[in-house]
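# Coordinate analysis (summary)
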Amino acid sequence: MNRFKFIDTSPGATARRFIMSGAWWFLTAVVYGLTAATELVSPELVKTRYLLFPRIRPIHVNTNVFGFLSMLLIGAMLYALCRLCRTELYSERLGNWTMWLWNLSVVLGIFTLAAGYTQSHEYAEYVWPIDLIIMACLLMLTWNVLQTLRRRKQHLIYVTMWYLIGGLAATCIVYFLGNVMWRPSGALYGMVDAEWSWFYAHNIFGTWITPLALGLCYFWIPRESDQPLYSHTLSLIGFWPYFAFYLQVGTHHLIEAPAPAWLKFVAEINSVGLLIPVFAFLTNQWMTLRGKWWRIPDSVVLRFVFAGTVFYFFTSVEGTLLSLPSVQRITHFTNVVVGHSHLGLLGFAGFIACGAGYGALREMYGEIWSERLASLQYWLMLIGMVGFTIVLDDAGFIQGNAWRNGEVVYRVLPEIMNDYIMRAMLGCFIVVGAAIQLYNYWRTVQLHKERSAQELALASDYIEPAMEAR
């Protein structure tokens, strides 16, 4: 019988545990999201202050970013790192400690936010002690990755590793600066605080979640399609301009605020310029699939990852449009922005994370416990995600046009109530999908353990009689 080990130093243990943690936090995050969506329809259902919308909304968001996406993407990326470097992780022990501390930060984040302790900045609601833990985890992870790269047996550094290194280096800086970690309050003053806040809020997605997801596309699409990457040159165009443009786009959230005009101009120019690396990346991925499109329905891993690239296209184009002042006059402070966040976090990064997790576990253990369940999860999430985009955009444009015409909130709310009801119903699809994923991941790992135990028992049956005969 396999006993649970707090620190498991067997090869691949860190990657597996990060992936399993990510799957658990996915389910937790979407349950909070469904609760919040239900409150928008029937606020009177909530009787405790710990579940009020202003408290569970940041729990939903932060658990998605730091629990679900961060942990699942890190786990899948550590697996890819070892395969591409043809070596084991530098330190599974250090990786295990990083994983436990990362989990601890998410748990503390849920409890403190539910209790009302927050820094009140988008994606930076965690209080200062939790910021310290996450910062320590980022540094530990960076050290482990760099040491693994130093010991690699493959001379070339594949493009997936560029995104991993770039994401870690940029996020260590962005997280420290964006959370104003030299001040325990996590806040500055006036417009400087607003500009600092949106520099962080946009970049935690752009320099952390997105690079990990893009890097995994470079790993899984050629692997699942059994084709070489289409173009190394496009990889370069997709990588360097991405980091050059992305770091300055946060101020496009403050177009209607009294931020310096030159800063708004820089943000808008970079938001449009960001389409260059986006289209270079998408062309590279989709051309890699040329002649092998038929493999998409055959591979559940490829299906998830490819859908993620399609959502990336819509997220990027929509993001650029939303940065333009003429569009923002209608969409700002409406559900269009909420829909855009769902498209980016769940549609783009979420689909790639789920697919990469399935891919890593399948290669670790030889198979996925149930391909049918994985396929069911894919369709549930796809219906939920497309539905979210439609109803949130519909609600957002109603809000934007109504407020532009001088309508008051209490007259607008009944007009979007049907969208809110549909949103809550579609959330059920995502919750069921997340539950299926957790169960399927867990059974895949358990199946391997059961087989290992059976093989061990068979070996014992063979060895013991032989020993007795001797």
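Scope of this entry: the structure provided in the associated data block. Worth saying up front: this structure is predicted, and the values here are computed from it rather than measured.

Its volume calculated, the second largest pocket comes out at about 1100 Å³. Lining of the second largest pocket is provided by 38 residues; of these, Asp8, Arg16, Arg17, Tyr365 and Val445 occupy positions nearest its centre. Among the elements that line the lining of the second largest pocket, the one with the most residues is helix α1 (residues 13–41), at 8 residues. Taken together, the residues of the lining of the second largest pocket break down into 18 nonpolar, 11 polar and 9 charged.

For the rest of this paragraph, the subject is the packing of aromatic side chains. Counted under the stated rule, the structure contains 36 aromatic pairs. Each member of the aromatic cluster is reached from another via a ring pair, and the members are Trp162, Tyr163, Phe205, Tyr218, Phe239, Trp240, Tyr242, Phe243, Tyr246, Phe281, Tyr312 and Phe348. A cation over an aromatic ring shows up here: arginine 223 above the ring of tryptophan 220, its NZ or CZ 5.9 Å from the ring centre. Over the face of the ring belonging to tyrosine 378 we find arginine 303, whose NZ or CZ atom lies 5.4 Å from the ring centre.

Let us now look at the environment of threonine 210. Residue position: threonine 210 is located in helix α6 (residues 190–225). Threonine 210 gets classed as buried once you look at its relative accessible area, which sits at 2%. Along the primary structure threonine 210 and proline 258 are separated by 48 residues, whereas in three dimensions their C-alpha atoms are 29 Å apart. Once residues within four sequence positions are removed from consideration, threonine 210 is found in contact with Phe205, Tyr242, Tyr312 and Phe348.

Below, the discussion takes up the environment of leucine 212. Relative to the elements of secondary structure, leucine 212 occurs in helix α6. Look at leucine 212 and you get buried, because its relative accessible area is 1%. Taking the C-alpha atoms as reference, leucine 212 lies 7.5 Å from isoleucine 74; in sequence the two are 138 residues apart. If near-sequence neighbours (up to four positions away) are discounted, leucine 212 is found in contact with Leu73, Ile74, Met77 and Leu164.

Below, the discussion takes up the packing of α1 against helix α3 (residues 92–114). Closest axis-to-axis distance for the α1/α3 pair is 9 Å, and the angle between their directions is 10°. Relative to α3, α1 is oriented roughly parallel. On α3, the residues that touch Ala13, Thr14, Arg17, Phe18, Ser21, Trp25, Thr28 and Tyr32 of α1 are Glu92, Gly95, Asn96, Thr98, Met99, Trp100, Trp102, Asn103, Val106, Val107 and Ile110. For the contact of α1 with α3, the residue count by class is 10 nonpolar, 7 polar and 2 charged.

Here the focus is helix α9 (residues 275–288). The terminal C-alpha atoms of α9, which comprises 14 residues, lie 20 Å apart, in line with the 20 Å expected from a rise of 1.5 Å per residue. Residues of α9 that are buried include every one of Leu275, Pro277, Val278, Ala280, Phe281, Leu282, Asn284, Gln285 and Thr288, and no others. Looking at the packing, one finds that the buried side of α9 touches α6, α7 (232–246), α8 (261–273) and α11 (300–322).

Moving on, we come to the side chain of threonine 207. By secondary structure assignment, the location of threonine 207 is in helix α6. Beyond its immediate chain neighbours, meaning those up to four positions away, threonine 207 contacts Gly167, Ala170, Thr171, Val174 and Leu247.

Attention shifts here to the packing of helix α5 (residues 159–178) against α6. Taken N-terminus to C-terminus, the directions of α5 and α6 make an angle of 165°; their axes are 8 Å apart at the nearest point. Viewed along their axes, α5 and α6 adopt a mutual orientation that is roughly antiparallel. When the axes of α5 and α6 are compared, the crossing they make is left-handed. Looking at side-chain class alone, the contact of α5 with α6 contains 19 nonpolar, 7 polar and no charged residues.

Leaving glycine out, the prevailing phi sign among residues is negative, and the prevailing peptide bond configuration is trans. Here arginine 86, not a glycine, exhibits a phi torsion of approximately 55°, which is positive. Tracing the chain through its elements places arginine 86 in the loop between α2 (53–85) and α3. Positive phi outside glycine occurs at tyrosine 123, with the angle close to 65°. Within the secondary structure layout, tyrosine 123 lies in the loop between α3 and α4 (128–150).

Evaluated as defined, the whole model comprises 6 salt bridges. Residues joined by salt bridges that share partners form a network here, namely Arg83, Arg223 and Glu363.

If you look at the biggest cluster of nonpolar residues, it comprises 126 residues, and the most contacted ones within it are Phe66, Trp102 and Trp208. Element by element, the count of residues in this core is highest for α2, at 19 residues. If we ignore the near neighbours within four places in the chain, the residues touching tryptophan 102 are Phe18, Phe66, Ser70, Met71, Ile74, Cys137, Leu138 and Trp208.

The rules behind the values
Residues numbered from 1 in each chain as written. Predicted model: local features only at pLDDT ≥ 70, side-chain atom pairs only at ≥ 80, totals over all residues. Heavy atoms only, no water. 1 Å grid on protein atoms, 1.4 Å probe; cavity = no way out; pocket = protein on both sides within 12 Å on 5 of 7 lines; lining within 4 Å. Points joined across faces, edges and corners; volume = space filled by probe spheres on them. Helix = DSSP H or I, 4+ residues; strand = E, 2+ residues; numbered from the N terminus. Nonpolar A, V, L, I, M, F, W, Y, C, P; charged D, E, K, R; others polar. Phe/Tyr/Trp six-rings, centres within 6.5 Å; stacked < 30°, edge-to-face > 60°. Lys NZ or Arg CZ within 6 Å of the ring centre and 35° of its normal. Buried < 20%, exposed > 50% of the residue type's maximum accessible area, 1.4 Å probe, protein only. Contact = heavy atoms within 4.5 Å. Axes fitted to C-alpha atoms, helices over the stretch in contact; angles between N-to-C directions. Parallel < 35°, antiparallel > 145°, perpendicular 65-115°, else oblique. Expected span 1.5 Å × (residues − 1). Left-handed = near helix turned anticlockwise from the far one by under 90°. Salt bridge = Lys/Arg side-chain N within 4 Å of Asp/Glu carboxyl O. Core = buried A, V, L, I, M, F, W, Y, C linked by side-chain atoms within 4.5 Å.

Coordinates in, geometry out; function isn't part of it.
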